[in-house]
Amino acid sequence: MRNRPRAALGALSLPLALSLTLAGCSVDDSAGADKPKAKSSAAIRLEPLDRELAAEVPAQYKKKTLIMGVSEYAPYNTFGSDGRVTGLVPDLAAQLSAMLGVKIKVEKTTFDAIIPALKSGRIHLSAPAGDFVERQEQVDFADFAKSSVTLMVNKSASFQPKSGLEVCGRKVGVEKGAGTQNVVAALTERCAAKGKPAVDEQVFPDLSGAALALQSKRIEAVAAPSAANTSASSGSNGRFQTLELKDILDLPASTAIYGIETKKGSGLAPVITKALREMYESGTYPKLFGLWGLPLSTVPKSQLAVNGSKQSQTK
């Protein structure tokens, strides 16, 4: 699960320095709807430097700036018109930076470019991404959240599906490279088994482009993780609504554990996982998820693990 063509927003690909002070920040609605209220993480203090954890950072990363490549996926990552990236992931990165004594810079990218960039060493971190066993062969994950696939539709449209089979033959937007594409493919197989037409999958480089297509009624729904669709719906001034179809949730990749991706075998995932567990113990972890409207996306401390998921994208 998870991942985004981009229109004018995609042209802004400048790297962004991640401030170590969690100042007030605003969230722009990427679908062109009314902006939600600004969020401020100023009240959530930075965790102190943990010298023992800092000593566990692999030597090759201690004196360099770690690049965190992120694709737009509100409220985890939102690209503002002022050039900033705000959201849960930048806030978590600031905490990790403070705890581990390393510099982190956030850069905008597209989801499908992330794994190749991690492999090549152009970037060192990314989040969020579904932790699936197929991806574990290419990258390591520090698991930190959970999600499920939903459908976002125009609230005023007649298309208000109550089951997955009602989506057969409909134009549905998905993000390129996302596990959501596997969900749509599995739904199409289910449609075929019932003698119904395939889902008309429309692929976009990012979810902003899909939301714009939904707004202009070029597509009938956006299939995306609950966090992205719920955020877009809540900031749409009543244009969109998000639906959870129970019979879709048993399809491959329809639910996922999210992780912070790192290069395979780099040694970064274990130390990040330890830092996340410390944030859990201190209360910073649930506070940040609450701040960004994601309290239902938290996982128990036992699921803050390296490559902890046994889930497949296709089975």
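## Focus: helix H7 (residues 207–215)
Phase 1: Where burial is concerned, most of H7 is hidden: seven out of the nine residues are buried.
Phase 2: On its buried side, H7 packs onto strand S9 (139–154), strand S10 (171–175), strand S11 (200–204), strand S12 (221–225), helix H8 (226–234) and strand S13 (240–243).
Phase 3: The N-terminus of H7 is capped by Asp 206, whose side-chain oxygen sits 3.3 Å from the backbone nitrogen of Ser 208.
Phase 4: Backbone geometry just after H7 places Lys 217 at a positive phi near 65°.

## Thoughts on the nonpolar core
Phase 1: Ranked by size, the top nonpolar core spans 79 residues in total, and within it Tyr 76, Leu 88, Phe 144, Ile 260, Ile 272 and Leu 276 carry the most contacts.
Phase 2: Residues within four places of Ile 272 in sequence aside, it is in contact with Leu 96, Leu 125, Ala 142, Ile 260 and Thr 262.
Phase 3: Residues Ile 67, Ile 114, Ile 115 and Ala 129 belong to the second largest nonpolar core, which totals ten residues.

## With respect to the confidence of the model for the protein
Phase 1: Mean pLDDT for the protein: 87, with 87% of residues reaching 70 or above.
Phase 2: Across residues 3–38 the pLDDT falls below 50, and counting only partners more than four positions away or on other chains, this stretch makes 111 contacts in the model.

## Re the environment of Leu 243
Phase 1: Positionally, Leu 243 belongs in strand S13.
Phase 2: Sequence spacing of Leu 243 and Ser 163 is 80 residues, and the spatial spacing of their C-alpha atoms is 9.8 Å.

## Quick notes on the packing of helix H9 (residues 268–282) against helix H10 (residues 284–291)
Phase 1: For the pair H9 and H10, interaxial distance at closest approach is 5 Å and the crossing angle is 85°. In terms of orientation, H9 lies roughly perpendicular with respect to H10. Residues Met 279, Tyr 280 and Ser 282 of H9 touch H10, and the partners they reach there are Thr 284, Tyr 285 and Pro 286.
Phase 2: Looking at side-chain class alone, the contact of H9 with H10 contains four nonpolar, two polar and no charged residues.

## Describing the pairing of strand S4 (residues 66–70)
Looking along a regular strand, one sees the side chains alternate between the two faces of the sheet.
Phase 1: For S4, the buried fraction is high: five of the five residues fall into the buried class.
Phase 2: Residues of S4 alternate between two faces, with Leu 66, Met 68 and Val 70 on one and Ile 67 and Gly 69 on the opposite face, all of them buried.

## A look at the environment of Asp 50
Phase 1: With respect to the helices, strands and loops of the structure, Asp 50 is situated in the loop between strand S3 (39–40) and helix H1 (51–56).
Phase 2: Relative accessible area serves as the criterion here: at 17%, Asp 50 is assigned to the buried category.
Phase 3: Once the C-alpha coordinates of Asp 50 and Leu 100 are considered, the two residues, 50 residues apart in sequence, prove to be 6.3 Å apart.
Phase 4: Filtering out sequence-adjacent residues up to four positions away, Asp 50 remains in contact with Met 99 and Glu 278.
Phase 5: A distance of 3.1 Å separates the side chain of Asp 50 from the backbone nitrogen of Glu 52, its partner in a polar contact.

## Comments concerning H8
Phase 1: Summarising burial for H8: seven of the nine residues are buried, a large majority.
Phase 2: Buried residues of H8: Ser 226, Ala 227, Ala 228, Asn 229, Ser 231, Ala 232 and Ser 233, and no others.
Phase 3: Looking at the buried residues of H8, the elements they touch are S9, H7, S12 and S13.

## Thoughts on the packing of aromatic side chains
Each pair of aromatic rings is reported with the distance of its centres and the angle of its planes.
Phase 1: Applying the stated criterion across every chain, the model contains seven aromatic pairs.
Phase 2: When the centroid spacing of 6.1 Å and the interplanar angle of 75° are considered together, the rings of Tyr 73 and Tyr 258 count as edge-to-face. Taken together, the residues Tyr 73 in the loop between S4 and strand S5 (78–79) and Tyr 258 in strand S14 (residues 255–263) connect sequence positions 185 residues apart.
Phase 3: Accessibility expressed as a relative area gives 0% for Tyr 258, which makes it buried.
Phase 4: Centroid distance Tyr 76 to Phe 144: 6.3 Å. Interplanar angle 85°. Geometry classified as edge-to-face. On the criterion of sequence distance, the pair formed by Tyr 76 in the loop between S4 and S5 and Phe 144 in strand S9 is long-range, its members being 68 residues apart.
Phase 5: With a relative accessible area of 0%, Tyr 76 lands in the buried category.
Phase 6: Three or more aromatic residues joined by ring pairs make a cluster, and in this case those are Tyr 73, Tyr 76, Phe 144, Tyr 258, Tyr 280, Tyr 285 and Phe 289.

## Some words on unusual backbone geometry
Phase 1: Omega for the peptide link from Ala 74 to Pro 75 comes to 0°, which places this bond in the cis form.
Phase 2: Relative to the helices and strands, Pro 75 resides in the loop between S4 and S5.
Phase 3: A cis geometry characterises the amide bond from Ala 127 onward to Pro 128, with omega recorded as -5°.
Phase 4: One non-glycine residue, Asn 307, adopts positive backbone phi at about 50°.
Phase 5: Counting through the fold element by element, Asn 307 comes out in the segment after H10.
Phase 6: For Asn 307, a relative accessible area of 15% corresponds to the buried category.

What counts and what doesn't
- Residue indices follow the written sequence of each chain, beginning from 1 at its first position.
- Owing to the predicted nature of the model, reporting of local features is limited to residues with pLDDT of at least 70; listing and counting of side-chain atom pairs is limited to 80 or more, with chain, interface and lining totals taken over all residues.
- The side-chain numbers reported here are obtained from all heavy atoms of the structure, hydrogens and water having been left aside.
- In this scheme, a residue with accessible area under 20% of its type's maximum is buried, one over 50% is exposed, and one in between is partly exposed, where area comes from a 1.4 Å probe on protein chains only.
- Here a helix means four or more residues in a row that DSSP labels H or I, a strand means two or more in a row labelled E, and each is numbered from the N terminus.
- We call two residues contacting when some pair of their heavy atoms lies within 4.5 Å.
- Contacts described as polar in this section are N or O atom pairs within 3.5 Å, which, within protein, must combine one atom able to donate a hydrogen with one able to accept it, while residues neighboring in sequence count only if both atoms come from side chains.
- Throughout, nonpolar core names a set of buried Ala, Val, Leu, Ile, Met, Phe, Trp, Tyr and Cys residues whose side chains join them through atoms within 4.5 Å.
- Each residue carries a pLDDT value, the predictor's own confidence for that position, ranging from 0 to 100.
- Every axis corresponds to a line fitted to the C-alpha atoms, with the helix fit spanning only the stretch in contact, and the corresponding angles, defined between N-to-C directions, vary from 0 to 180 degrees.
- Here is the rule for angles: anything less than 35 degrees is roughly parallel, anything more than 145 is roughly antiparallel, 65 through 115 is roughly perpendicular, and the remaining ranges are oblique.
- Classes in brief: Ala, Val, Leu, Ile, Met, Phe, Trp, Tyr, Cys and Pro nonpolar; Asp, Glu, Lys and Arg charged; the others, Gly included, polar.
- The aromatic pairing rule takes the rings of Phe, Tyr and Trp, using the six-membered ring of Trp, and pairs them if the centres are within 6.5 Å, calling planes under 30 degrees apart stacked, those over 60 edge-to-face and the rest tilted.

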